[in-house]
Each structure stands twice: as C-alpha cells, then as structure tokens.
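Letter by letter, the chains look like this.
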Amino acid sequence: MEIHGPDNKIFEKTMQIVRIWDLPTRLFHWVLALAVIGLVVTGKVGGNAMVWHFRLGYVVFALLLFRLVWGLVGGHWSRFVAFIYAPATLIAYLRGEGRPEHAAGHSPTGAMSVFALLAVLGLQVATGLFSDDEIAASGPLTTLVAGKTVSLATGWHKQWGQWLVIGLVVLHVAAIVYYRFAKRENLVTAMLTGDKTLEVALTASRDGVADRLKALLVLALAAGVVWWVVSLGGAKP
C-alpha cells in the first residue's frame, strides 16, 4: 500500500496479516447462524417441525454455554476482555476517533451487537425451556414451575423474544453490508478464514491443535450441562 509523505515522496506501507478469529470461534459463529435460522423457520412452521425446533434450541443452548466459557479462555480477540469497552471509548468511536484494535476484533458498536444478541438468545432459550403452546409442544421444564410462570415464558418466547431475535439478526446482516460497501471491509471473509489484513501489527489469536482440543472439551462439557438441565424435567434431549 502506497502513501505520500509531506514532500510527495512515496512510501510503502506494510500491511500485516493477523489471525483474529480462531477456528472454534468461527465454527461457533456459523453453526449458531444456521441454528437460529432453523429455529425461526421451524417455529413458524410448527406441527412436526417442532421436534427440530427443540433440538435446535438445545444446540443453541450448548453453543451459548460454550461461548461464555470461550470468552474467558479462547483466542485473544474472542475473549470478552478484548471487546468490553468503556462508555467514553464508545463515544469516541462514534465521533470517528477509533483505535487500530477496533479494526481487528469487535468494534465498540459491534461489541454491543454481540452482547445484545447473546443476551436475547440466552433469554429465548431459557423461556423456551418453560414454554407450552397448549397444543402439542411443551418445554422440558414446564412441570417444574407454576402455570403463571409457564404463561409468562410462553408469551415472551412467542412474541417479544422472537421478534427481538429477528430484529437483531437483521441489524447484524445490515452492519455486515454497511462495512462491505461503505468501509470496504469484508467481515464475512475474515470470519471464514480467521485472518485480517491490518495496517499495524497486533496480537494474534492462538489457534493451534491444543487450542482446538480445548474447545472440543469445552463444547463437550456444555453439551453435558444441556443434557442435565433438560433431563431435570424428565425429558430426553
């Protein structure tokens, strides 16, 4: 990349290829995206599709548990500490005063979107466990709580929660399109390959065999927790 100095001399600006997203984070992202789409479709279809709605719900449950742990022990840019920003940083970013690391992992606005989506999906999964449509589909934990709680959970799950998830997904896609055409930054490619080309050298995420095996262990433990929670109501995942 060429840049011009004060005396119009041309300098070569060295670009750095940095591993930002480790493989476990990338797989989490794409599997979660497919699972959420499947949940919306099966929820709208209803009937026999609800069997898959519950299965996909358990998948999302396990993925969210995995991400919570991976946010503590995963690759550098996947850790929550890498994208928890102070309000002052967010304000400065919105004013156009971003820092180099904002172009690497999640920017301050991107971080807000991620946390919002994780929180809404978590609430949607939780309410789904206690929901009952009073026709053919009943969450695995409905027998453990009072009818009023089931009614509240069902109302949220089928109305506000569902539309919040759809809204946040649409917002997420819109942000990707905006970055692609307005800022000339392809976020999709980075989430596929794991690498970004940056103007400065930043810390790379570890993404070796040991890290991937660690991720498998975390995922297995998350799946075990989901199995245990679902079985509390006597159901089999």
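Above: the structure in question.
Here the structure is a predicted model, which is why all the values come from computation and not from measurement.

## What to know about the pattern of salt bridges
Counted according to the given criterion, the structure contains 7 salt bridges. Among the salt bridges present, the one from Asp207 reaches Arg19, with a minimum N-O distance of 2.6 Å. In this pair, Asp207 is assigned in the loop between strand S4 (195-198) and helix H8 (209-231) and Arg19 in strand S3 (residues 16-19), connecting sequence segments 188 residues apart. On the basis of relative accessible area, Arg19 is assigned to the partly exposed category, the value being 23%. When salt bridges with common partners are traced through the structure, they connect Arg19, Arg26, Asp195, Asp207 and Arg212 into a single cluster.

## Section: helix H3 (residues 87-94)
For H3, the complete set of buried residues consists of Thr89, Leu90, Ala92 and Tyr93. End-on view of H3: buried residues confined to an arc of 165°, all on one side of the axis. Facing away from the buried side of H3 by more than 90 degrees, the exposed set consists of Pro87, Ala88 and Leu94. Packing partners of the buried residues in H3 comprise helix H4 (108-129) and helix H6 (160-181). Two residues or fewer past H3, Gly96 is found with a positive phi of approximately 90°.

## A short note on the packing of helix H2 (residues 50-73) against H4
Running from N to C, H2 and H4 point in directions that differ by 135°, and their axes come no closer than 10 Å. Of the possible angle classes, the one that applies to H2 and H4 is oblique. Handedness of the H2/H4 crossing: left-handed. Residues Phe54, Gly57, Tyr58, Val60, Phe61, Leu64 and Arg67 of H2 pack against Leu118, Leu121, Gly122, Val125, Gly128 and Leu129 of H4. For the contact of H2 with H4, the residue count by class is 9 nonpolar, 3 polar and 1 charged.

## A word on the side chain of Thr89
Along the chain, Thr89 falls in helix H3. Beyond its immediate chain neighbours, meaning those up to four positions away, Thr89 contacts Arg99, His102 and Pro108.

## Quick look at the nonpolar core
Judged by nonpolar contacts, the single largest core of 42 residues is most densely connected at Ile20, Leu32, Val60, Phe66 and Leu121. Only helix H1 (23-45), H2, H4, H6, helix H7 (187-193) and H8 provide two or more residues apiece to this core. If one sorts the elements of this core by residue count, H2 sits on top with 9 residues. Once residues within four sequence positions are removed from consideration, Leu32 is found in contact with Val60, Leu63 and Leu121.

## Considering the packing of H1 against H6
H6 packs onto H1 with a crossing angle of 135° between their chain directions and a minimal axis gap of 12 Å. Classified by the angle their axes make, H1 and H6 are oblique. Considering only the axes of H1 and H6, their crossing is left-handed. Where H1 abuts H6, its residues His29, Val36, Val40 and Lys44 lie against Gln162, Trp163, Val165, Ile166, Val169 and His172. Grouping the amino acids of the contact of H1 with H6 by side-chain chemistry returns 6 nonpolar, 3 polar and 1 charged.

Analysis parameters
Throughout this document, residue positions are counted from 1 along each chain, in the order its sequence is written. pLDDT decides what is reported in this predicted model: residues at 70 or higher carry local features, side-chain atom pairs at 80 or more are listed and counted, and totals for whole chains, interfaces and linings draw on all residues regardless. With hydrogens and water set aside, each side-chain value is computed from the structure's full complement of heavy atoms. We count a salt bridge whenever a side-chain nitrogen from Lys or Arg sits within 4 Å of a carboxyl oxygen from Asp or Glu. Only DSSP runs of H or I with at least four residues qualify as helices, and only runs of E with at least two residues qualify as strands; both kinds are numbered from the N terminus onward. Burial here depends on accessible area, computed with a 1.4 Å probe over protein chains only, as a share of the maximum for the residue type. Under 20% is buried, over 50% is exposed, and the range in between is partly exposed. The arc in question is formed by the directions pointing from the helix axis toward the C-beta atoms. Contacts between residues were defined by any pair of non-hydrogen atoms, one from each residue, lying within 4.5 Å. Angles run from 0 to 180 degrees between N-to-C directions of axes, and those axes are lines fitted to C-alpha atoms, restricted for helices to the stretch in contact. When describing relative orientation, an angle under 35 degrees is termed roughly parallel and one over 145 degrees roughly antiparallel, while 65 to 115 degrees is termed roughly perpendicular and anything else oblique. Two helices crossing with the near one rotated counterclockwise from the far one by less than a right angle form a left-handed crossing, whereas a clockwise rotation gives a right-handed crossing. Amino acids outside the nonpolar list (Ala, Val, Leu, Ile, Met, Phe, Trp, Tyr, Cys, Pro) and the charged list (Asp, Glu, Lys, Arg) are all regarded as polar, and Gly is one of them. Among the buried residues, those of types Ala, Val, Leu, Ile, Met, Phe, Trp, Tyr and Cys that are joined through side-chain atoms within 4.5 Å form a nonpolar core.

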